[in-house]
Amino acid sequence: MASFPSTFPVMLMIIILMVCSLILLASASNLNQDFDITWGDGRAKILNSGELLTLSLDKASGSGFQSKNEYLFGKIDMQLKLVPGNSAGTVTAYYLSSKGSTWDEIDFEFLGNLSGDPYIIHTNVFSQGKGNREQQFYLWFDPTAYFHTYSILWNPQRIIFSVDGTPLREFKNLESIGVPFPKNQAMRIYSSLWNADDWATRGGLVKTDWTQAPFTASYRNFSANACVWSSGVSSCSSSSPSSPSTSNAWLSQELDSTSQDRLKWVQKNYMIYNYCTDSKRFPQGLPPECTMS
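All values derive from a computational prediction rather than experimental measurement.

A.B. asks: I tried to follow the confidence of the model for the protein chain on my own but got confused; where do I start?
C.D. replies: Detailed reading of predicted coordinates is not advised where the pLDDT is low. Averaged over every residue, the pLDDT of the protein chain is 89; the share at 70 or more is 87%. Counting contacts from residues 7-27, a segment whose pLDDT is below 50, to residues more than four positions away or on other chains yields four contacts.

Set out below in structure tokens:
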């Protein structure tokens, strides 16, 4: 009788989850239908009949794209493969944002690093033009080796940032205690790859090595189960969300007990910065949401 290591059940579960994720994403979206390349002078490309989008950065310029649609709440998924090798100084930003001086924004930013050192995932939430709600994480895998699914769940009650279905962060609607929450402004999806070596890696101490250029990040399998906002009307007000074959249960979705445990695991083992514990930054007292359990 063959013996298995004690970690076998965990390994088997991880494999099953990865296979399920690939099955769910088997029907690839056409990125030409969902996105417009907005800048980069040819450095951004949509390839393989719309199945793959790449952004590139060299010393002259980065590149970027945005969604054709605006959304007011949704479950947004995208698979990304980040810049490999020595990516120090580069930032891959993937976020939702509205326009204007009192904009709302929900951010993923991926801060590059020297070869062998971990990427940093930087998250932030802006409401009515005010951010300063940063949380940063390492990852438990190499985000440059394969594609991984980065998700934003945004409904009227909460915002949840997830990677491959594992929650990193939850930002709850706490308007009841005076904390603004993004709920009234429709947002587009934006992404860009750009040089930020004045701050991105070790506070700007490590500069971009342009001999490694061009730097490239890749995107595929976009999915938006969301309320499309057009001419002042939400697609959810009279019909189903933008993916009519799927349920709109995400509109009231919350973390179940298993997801709460996974969130605690990530924050205990992989969180490297939390504005809610930075008392030096807030000498007048931490933001009110930080006092909530």
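That shown, we press on.
A.B. asks: Just checking my understanding: could you explain the pairing of strand β10 (residues 148-154) for this structure?
C.D. replies: On any regular strand, side chains alternate: one points to one face of the sheet, the next to the other face. Extensive coverage of β10 is indicated by the burial of seven of its seven residues. Going residue by residue along β10, you find H148, Y150, I152 and W154 tucked away on one face and T149, S151 and L153 tucked away on the opposite face as well. Sheet topology note: the strand β5 (residues 70-81)/β10 ladder contains seven bridges and is antiparallel. Looking at the pairing, L80 lines up with H148 of β10. Direction of pairing for β10 relative to strand β11 (residues 158-163): antiparallel, over a ladder of five bridges. Considered in β11, the bridge of L153 is made with I160.

A.B. asks: Could you clarify how one ought to interpret the sheet that holds strand β6 (residues 90-97) in this entry?
C.D. replies: Backbone-to-backbone hydrogen bonds pair the strands of a sheet. The strands run either parallel or antiparallel. A sheet is described by the order of its strands in space; here eight strands give the open sequence β1-β4-β13-β6-β7-β8-β9-β16, paired in antiparallel fashion. Every interior strand has two partners, whereas the edge strands, β1 (35-39) and β16 (271-274), have only one. Ignoring strand direction, the axes of neighbouring strands in this sheet form an average angle of 15°. Relative to strand β13 (residues 188-195), strand β4 (residues 63-67) is paired through four bridges, and the arrangement is antiparallel. For G64, the partnering residue across the bridge sits in β13 and is S192.

A.B. asks: Quick question: what am I supposed to make of the nonpolar core here?
C.D. replies: Soluble globular proteins: nonpolar side chains tend toward being buried together. Of all hydrophobic cores here, the largest spans 60 residues; its most connected members are F108, F110, Y150, W154, I159, Y219 and F222. Of all the elements, strand β14 (residues 215-230) adds the most residues to this core, at eight residues. When near neighbours in sequence (up to four residues on either side) are disregarded, F110 contacts L80, L82, T90, V91, T92, Y94, Y119, I120, I121 and Y150. Core analysis: the next-biggest nonpolar cluster, separate from the first, contains five residues, V91, L111, A196 and A200 among them.

A.B. asks: Would you mind going over the packing of aromatic side chains with me for this structure?
C.D. replies: We describe a pair of aromatic rings using the distance from one ring centre to the other and the angle between the two ring planes. Across all of its chains, the model carries 16 aromatic pairs by this definition. Residues W265 and Y270 carry aromatic rings whose centres are separated by 5.3 Å and whose planes lie at 65° to one another, so their mutual orientation is edge-to-face. With a relative accessible area of 40%, W265 lands in the partly exposed category. What links up through ring pairs into an aromatic cluster is the set F35, F65, Y219 and F222.

A.B. asks: Please explain the state of the cysteines as it appears in this structure.
C.D. replies: As used in these notes, a disulfide is a covalent bond between sulfur atoms, one from each of two cysteines. The tally for this structure, following the rule as stated, stands at two disulfides. A disulfide bridge connects C227 with C236, and the sulfur atoms are separated by 1.9 Å. Across the S-S bond of C227 and C236 the torsion is about -95°, and the bridge reads as left-handed. What makes C227 buried here is its relative accessible area of 3%. Bridging C276 to C290, the disulfide has an S-S length of 1.9 Å. Its torsion about the S-S bond being -75°, the disulfide of C276 and C290 is classed as left-handed. On the criterion of sequence distance, the pair formed by C276 in the segment after β16 and C290 in the segment after β16 is long-range, its members being 14 residues apart.

Parameters and conventions
For every chain, the first residue of the written sequence is number 1, and numbering continues from 1 onward in sequence order. Residues qualify for local features only when their pLDDT is at least 70, as the model is predicted, and side-chain atom pairs are given and counted only at 80 or more; totals for whole chains, interfaces and linings, by contrast, use all residues. Side-chain measures were taken over the full set of non-hydrogen atoms in the model, leaving aside hydrogen atoms and water. Values of pLDDT, the confidence the predictor places in each residue, fall between 0 and 100. In this analysis, two residues are considered to be in contact whenever any of their non-hydrogen atoms come within 4.5 Å of each other. Burial here depends on accessible area, computed with a 1.4 Å probe over protein chains only, as a share of the maximum for the residue type. Under 20% is buried, over 50% is exposed, and the range in between is partly exposed. For helices the rule is a DSSP run of H or I covering at least 4 residues; for strands it is a run of E covering at least 2, with both sets numbered from the N terminus onward. Two strands form a pair only when DSSP identifies at least two bridges running between them. Every axis corresponds to a line fitted to the C-alpha atoms, with the helix fit spanning only the stretch in contact, and the corresponding angles, defined between N-to-C directions, vary from 0 to 180 degrees. Here, nonpolar core refers to any group of buried Ala, Val, Leu, Ile, Met, Phe, Trp, Tyr and Cys residues whose side-chain atoms link them within 4.5 Å. Within 6.5 Å between ring centres, the rings of Phe, Tyr and Trp (the latter by its six-membered ring) count as paired, and their orientation is classed by plane angle as stacked under 30 degrees, edge-to-face over 60, tilted in between. The definition used for a disulfide is geometric: two cysteine sulfur atoms within 2.5 Å.

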